[in-house]
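# Secondary and tertiary structure notes
Chain residues, written in single-letter form:
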Amino acid sequence: MTDTTVDYLPWRDTSRTARERAALLAAQMTRQEKVAQLFGVWVGASSEGGQVAPHQHDMKEPVPLENLLPSGLGQLTRPFGTHPVDAGMGALSLMRTQQRIAGANRFGIPAMAHEECLAGFAAWGATAYPVPLSWGATFNPELIARVGAAIGADMRSVGVHQGLAPVLDVVRDARWGRVEETIGEDPYLVGSIASAYIRGLEGAGVVATLKHFVGYSASKAGRNLAPVSVGVRERADVLLPPFEMAVREAGVRSVMHAYTDVDGVPSAADRDLLTGLLRETWGFEGTVVADYFGVGFLKELHRVAGTMGGAAAAALTAGVDVELPTVDAFGEPLLAELEAGRLDESVIDTAVQRVLEQKIQLGLLDADWSAVPPALAGIPGLDLAGGTADRASDGAPAVSVAGSVNLDGPENRALAAEVAEQALVLTANNGILPLAAPGRIAVVGPNGDNPMAFLGCYSFPAHVGVQHPEVAAGIELPTVAAALRTEFPDSTITVAEGCSVDGPATDGFDAAVAAAGDADVVVAVLGDRSGLFGRGTSGEGCDTESLVLPGVQQQLLEALLDTGTPVVLVLLTGRPYALGRAATEAAAIVQAFFPGEEGGPAVAGVLSGRINPSGRLPVSVPASPGAQPSTYLAAPLARSSDVSSIDPTPAFPFGHGIGYSTFTWSDAALDGPAEFGVDGETVVSVTVTNTSGRDGTEIVQLYLHDPVASVVRPEHRLTGFARVPLAAGASARVSFGVPADVASFTGRNGVRIVEPGELELRLGASSTDIRATAGVTLTGTVREVDHTRRLHCPAEVSPLD
């Protein structure tokens, strides 16, 4: 520390509450020291283990750290996720930087380090898990909680404190490029899966960050960062519930505002949203962080502020606590607003209190805090007691830690495989699957032998690695073709690309058709290439005008169908696509939403029958590429009718998926009252039996239908689900408790209500495959409910003898 170090350190007293400690510290800070806690700096870890270096990125010039550190620093942005760096060397670099930061300011306050973790820790060599849309396809919150815990443990081990995930945006238009980052088109599924991931991440000691609050996915025409004009009820009943569930139930400690404006009000400047709803109504006590450059966008894009200082004042007043990724509006422009009296310092005090409380919760202001991360704690040669690492005379590390940290160990890969296997959705099968050891297999398509085809745009290899083609991916990515060779060692496997993912060339068609004609079965592996801002066919900024397969893949697919050889279609995509003739003519269709590093073996396992698929569609698969926007949460007027020539009926609906086992559903019944009050509850149950000779898993889905309401309601909506694994011939009774609260909706006056009247509880294998129904009646008068209402229909699965 400097010579001006404060001697008395009451904020290090762990017997006090975090709130008390933060207030004591803030009271001794200058205005500039407070402001310094409210922004991050984008940096990259040193591959030699030295201190981080400010990142030269497209939006802003790099910030000189030496000018900032005497006042302190709030955050370090993406030290591991900026360029490829060995995990051990990155941890050493971050450690040395934290020592420098803490030593440069009067109070010894280190920075929080944050990283992306949408489909795994976005660092070189870290496990690439399936994307969140695959999480939704598992219908398995417990599994996704384990994913969050594994990712969090890896991040925490190298000194990272905060993860910018999960995404809770509900899909409203599948043309949007970021569909792959979402969990699906149903708010209950999104909220349930996301909350599980948060519990895992937070349980590992990493601050989870809800994204993007709110409305980002409802942009017009599915265009990224486009205006949003949703109504009060769509916002309240579709877009907000996942965030509400996560805030109430998952222990989340951070929220990121959305880029978008909703009906003309940017989220970053919406006090009613960020303070009124989030904090005052829902009781959120964590930090609100800016989406990257989002504060400056108030001036540059939204034009609700004339200066950067005005943008800073608007964001802080609304409730944004931290500017990311780097200092811009929250630096000198903010200080100028304070000096001029245009912003009251109490606004800064409120934000810094929240930031310091979070640092205290993470142990960063404890007397025994050390910059040494757990991954380096056991390495001999590091002077841990002195808080520094030994260095040779030339400044290089005296102790090499390269290769000492494994972020893709066997346990991680096994977990990635488990998620991929449960996320694969078999949408169609004419009986060809499982394949019975075919003699000749033709693997055709641009993704058949492409190791990058399994990765979403926020995986490290796709997000950062593509900018460094000289550096290996850092993880093993077995392709579909390679996995099929392992799965079918006695088969002759030929590979023909046919075409690129999105190019116009068809000169590879002849070879592909010839390979198909010589084969017993064609495995057509088509789909997307993830990327950013137009450099891919899926991902952030990679929106599409139409849901036809990119490039000339549809033409290739039809040419393969014309050969007469059975075609098994495998889709490695970030969104659903209309498939034309293939929806009915393909021998089988396997939908995989960027299934991660173990996606190839998972696909091969499904084709061979080694894996019995149990995934269900988290988004509807359209029958027509232009019938958008459309989700299963459609009001009556949004459905097929005789007065419109556009039929939005999907080819495969939300919740659909089949496997190699068969199940019967029987004895559906109400185990509770058929009539109960608007504050009461009932129970509905059904028996599920595996009638096949193979162990398998059924997904029982509970939908609620409201025949008559005071405002227009969707035909039905998911209110509960249960994974039901059953041995061959076994049965289980599946019961759902159904509180009247789940029938609530936003009434005409904008208040959430439960209305008396008739309801129908629908038990289904998908949103269109309803196996049993039970009618109930709510009695009494209209009841107003709030954020304390019950959100779940808890499921219980009881095996039967």
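Our structure's up above, just so we're on the same page.
Attention shifts here to the overall build of the protein. Regarding its fold elements, the protein presents 21 helices and 30 strands. A compact globule built from 801 residues should have a C-alpha radius of gyration of about 28 Å, and the protein, at 27 Å, falls within 12% of that. Once the C-alpha set of the protein is aligned to its principal axes, its extents read approximately 80 × 70 × 55 Å. Residues counted as buried form 63% of the 801 residues belonging to the protein. Expressed as a percentage of contacts within the protein between residues at least 6 apart in sequence, the contacts between residues at least 24 apart total 79%.

What follows covers the packing of helix α8 (residues 232-239) against helix α9 (residues 241-249). Interaxial distance between α8 and α9 falls to 5 Å at its minimum, and their mutual angle equals 45°. Taken together, the axes of α8 and α9 are oblique relative to one another. Two secondary-structure elements touch here, α8 through Arg-235, Ala-236, Asp-237, Val-238 and Leu-239 and α9 through Pro-241, Pro-242 and Phe-243.

A few words on the pattern of salt bridges. All chains considered together, the criterion is met by 36 salt bridges. As a salt-bridge pair, Glu-418 and Arg-146 come within 2.9 Å of each other at their nearest N and O atoms. With Glu-418 in helix α15 (residues 410-423) and Arg-146 in helix α6 (residues 141-157), this pair connects stretches of sequence that are 272 residues apart. On the basis of relative accessibility, which here comes to 28%, the residue Glu-418 falls in the partly exposed class.

The next thing to look at is unusual backbone geometry. A cis amide bond links Lys-211 with the next residue in sequence, His-212, at an omega value of -10°. Here His-212 shows up in strand β6 (residues 207-213). Following Leu-324, the chain continues into Pro-325 via a peptide bond in cis, with omega recorded as 5°. Take Pro-325: it is sitting in the loop between α12 (308-318) and α13 (332-339). In this model, Phe-293 sits at a positive phi of 65°, which is unusual for a non-glycine residue.

A few words now on helix α14 (residues 345-361). Residues three or four positions apart in an α-helix share a direction because the helix packs 3.6 residues into each turn. For α14, with 17 residues, the first-to-last C-alpha span of 24 Å sits near the 24 Å given by 1.5 Å per residue. α14 sits mainly inside the fold: 12 of its 17 residues count as buried. Along α14, the residues that are buried comprise Val-347, Ile-348, Ala-351, Val-352, Gln-353, Arg-354, Val-355, Leu-356, Glu-357, Gln-358, Lys-359 and Ile-360. Just downstream of α14, Gly-363 is the residue with a positive phi angle, here 85°.

Bringing the environment of Ser-192 into the picture now. Tracing the sequence through the fold places Ser-192 in helix α7 (residues 187-203). Of the residues examined, Ser-192 reaches a relative accessible area of 8% and is grouped as buried. It is 35 Å that separates the C-alpha atoms of Ser-192 and Val-85, two residues lying 107 residues apart in sequence.

What follows deals with the sheet that holds strand β25 (residues 745-746). In spatial order, the strands read β25-β26-β29; together these three strands make up an open sheet with antiparallel pairing. What marks the edges here is a single partner per strand, and that holds for β25 and β29 (783-784). Pairing of strand β26 (residues 752-754) with β29, which is carried by two bridges, proceeds in the antiparallel orientation. Bridge pairing in β29 places Val-754 opposite Arg-783.

Now for the sheet that holds strand β21 (residues 681-690). Read from one edge of the open sheet, four strands run β19-β21-β24-β30, paired in antiparallel fashion. In this open sheet, the two strands that pair with only one neighbour each are β19 (663-670) and β30 (795-800). Averaged over neighbouring strand pairs, the angle between their axes works out to 20° when direction is ignored. Strand direction decides the pairing type here: strand β24 (residues 731-739) and β30, joined by six bridges, are antiparallel. Opposite Ser-731, over in β30, you have Leu-800 as the bridge partner.

Right, let's get into the nonpolar core. The biggest cluster of nonpolar side chains holds 191 residues, and the ones touching the most others in it are Phe-121, Phe-213, Phe-330 and Leu-569. In contact with Phe-213, not counting residues within four places along its chain, are Leu-240, Phe-243, Val-255, Met-256, His-257, Ala-258, Ser-267, Leu-273, Leu-274, Leu-277, Leu-278 and Trp-282. If you look at the next biggest cluster of nonpolar residues, it comprises 33 residues, including Leu-435, Val-480, Leu-484 and Val-568.

Right, let's talk about the packing of aromatic side chains for a bit. How two aromatic rings sit relative to each other is set out by the distance from centre to centre and by the angle between their planes. Following the criterion strictly, the structure yields 14 aromatic pairs and no others. Look at Trp-11 and Phe-107: their rings are 5.5 Å apart centre to centre, the planes differ by 75°, and that puts the pair in the edge-to-face class. With a gap of 96 residues between them, Trp-11 in the segment before α1 (18-27) and Phe-107 in the loop between α4 (87-104) and β4 (112-116) connect regions that are remote in the sequence. Take Trp-11: its relative accessible area is 0%, and that puts it in the buried class. Through successive ring pairs, a cluster of aromatic residues spans Phe-139, Tyr-188, Tyr-632, Phe-654, Tyr-703 and Phe-721. In this structure, Lys-211 packs its charged tip against the face of Tyr-458, placed 5.5 Å from the ring centre. Above the plane of the ring of Trp-665 lies Arg-771, whose end atom (NZ or CZ) is 5.1 Å from the centre.

Before going further, it helps to examine the pairing of strand β14 (residues 521-527). With seven of seven residues buried, β14 is to be regarded as a mostly interior element. Side chains of β14 alternate between two faces, with Val-521, Val-523, Val-525 and Gly-527 and Val-522, Ala-524 and Leu-526 buried alike. Sheet topology places strand β12 (residues 440-444) next to β14; four bridges connect them, and they run parallel. Counted as the bridge partner of Ile-441 is Val-521 from β14. Across six bridges, the pairing between β14 and strand β15 (residues 567-573) is parallel. By the bridge assignment for β15, Leu-526 is matched with Leu-571. A crossover links β14 with its parallel partner β15, the connecting element being helix α19 (residues 553-562), and its sense is right-handed.

Our next topic: the packing of α1 against α14. Two elements in contact, α1 and α14, have axes separated by 8 Å at closest approach and are oriented at 125°. With respect to α14, the element α1 is oriented oblique. The element α1 and its partner α14 pack so that their crossing is right-handed. Of the residues in α14, those in contact with Ala-18, Arg-19, Arg-21, Ala-22, Ala-23, Leu-25 and Ala-26 of α1 are Val-352, Gln-353, Leu-356, Glu-357, Ile-360 and Gln-361. Class assignment of the residues belonging to the contact of α1 with α14 gives a composition of eight nonpolar, two polar and three charged.

So, on to the pairing of β24. Most of β24 sits out of view: nine of its nine residues are buried. The pairing of β21 with β24 spans nine bridges and is antiparallel. Directly across from Val-688, in β24, lies its bridge partner Ala-732.

This part is about the environment of Val-785. Its place among the elements puts Val-785 in the loop between β29 and β30. Between the C-alpha atom of Val-785 and that of Phe-745, which follows or precedes it by 40 residues, the distance is 9.2 Å. Excluding anything up to four places from it in sequence, Val-785 contacts Asp-741, Ser-744, Arg-752, Ile-753 and Val-754.

With that out of the way, let us pick up helix α10 (residues 271-281). The complete set of buried residues in α10 reads Leu-273, Leu-274, Thr-275, Gly-276, Leu-277, Leu-278 and Arg-279. Taking the backbone nitrogen of Asp-272 as reference, a side-chain oxygen 3.2 Å away marks Asp-270 as the first, capping residue of α10. At the exit of α10 stands Gly-283, carrying a positive phi of roughly 85°.

The next subject is the side chain of Arg-717. As for its position among the elements, Arg-717 is in strand β23 (residues 717-726). For the buried Arg-717, no salt bridge is present, and the opposite-charge side chain at shortest range is Asp-706, 7.2 Å distant. A distance of 2.3 Å separates the side chain of Arg-717 from the backbone oxygen of Val-742, its partner in a polar contact. Polar contacts involving the side chain of Arg-717 include one to the main-chain carbonyl oxygen of Ser-744, which spans 3.5 Å. If near-sequence neighbours (up to four positions away) are discounted, Arg-717 is found in contact with Tyr-632, Leu-633, Leu-702, Tyr-703, Leu-704, Val-742, Ala-743 and Ser-744.

Reading the values: rules and limits
- Residues numbered from 1 in each chain as written.
- Predicted model: local features only at pLDDT ≥ 70, side-chain atom pairs only at ≥ 80, totals over all residues.
- Heavy atoms only, no water.
- Helix = DSSP H or I, 4+ residues; strand = E, 2+ residues; numbered from the N terminus.
- Rg over C-alpha atoms; globule rule 2.2 N^0.38 Å.
- Buried < 20%, exposed > 50% of the residue type's maximum accessible area, 1.4 Å probe, protein only.
- Contact = heavy atoms within 4.5 Å.
- Axes fitted to C-alpha atoms, helices over the stretch in contact; angles between N-to-C directions.
- Parallel < 35°, antiparallel > 145°, perpendicular 65-115°, else oblique.
- Salt bridge = Lys/Arg side-chain N within 4 Å of Asp/Glu carboxyl O.
- Expected span 1.5 Å × (residues − 1).
- Pairing = 2+ DSSP bridges.
- Core = buried A, V, L, I, M, F, W, Y, C linked by side-chain atoms within 4.5 Å.
- Phe/Tyr/Trp six-rings, centres within 6.5 Å; stacked < 30°, edge-to-face > 60°.
- Lys NZ or Arg CZ within 6 Å of the ring centre and 35° of its normal.
- Right-handed = clockwise from strand over helix to strand, strands pointing away.
- Left-handed = near helix turned anticlockwise from the far one by under 90°.
- Nonpolar A, V, L, I, M, F, W, Y, C, P; charged D, E, K, R; others polar.
- Polar contact = N/O pair within 3.5 Å; in protein donor to acceptor, adjacent residues only side chain to side chain.
- Lys, Arg positive; Asp, Glu negative; His and termini not counted.

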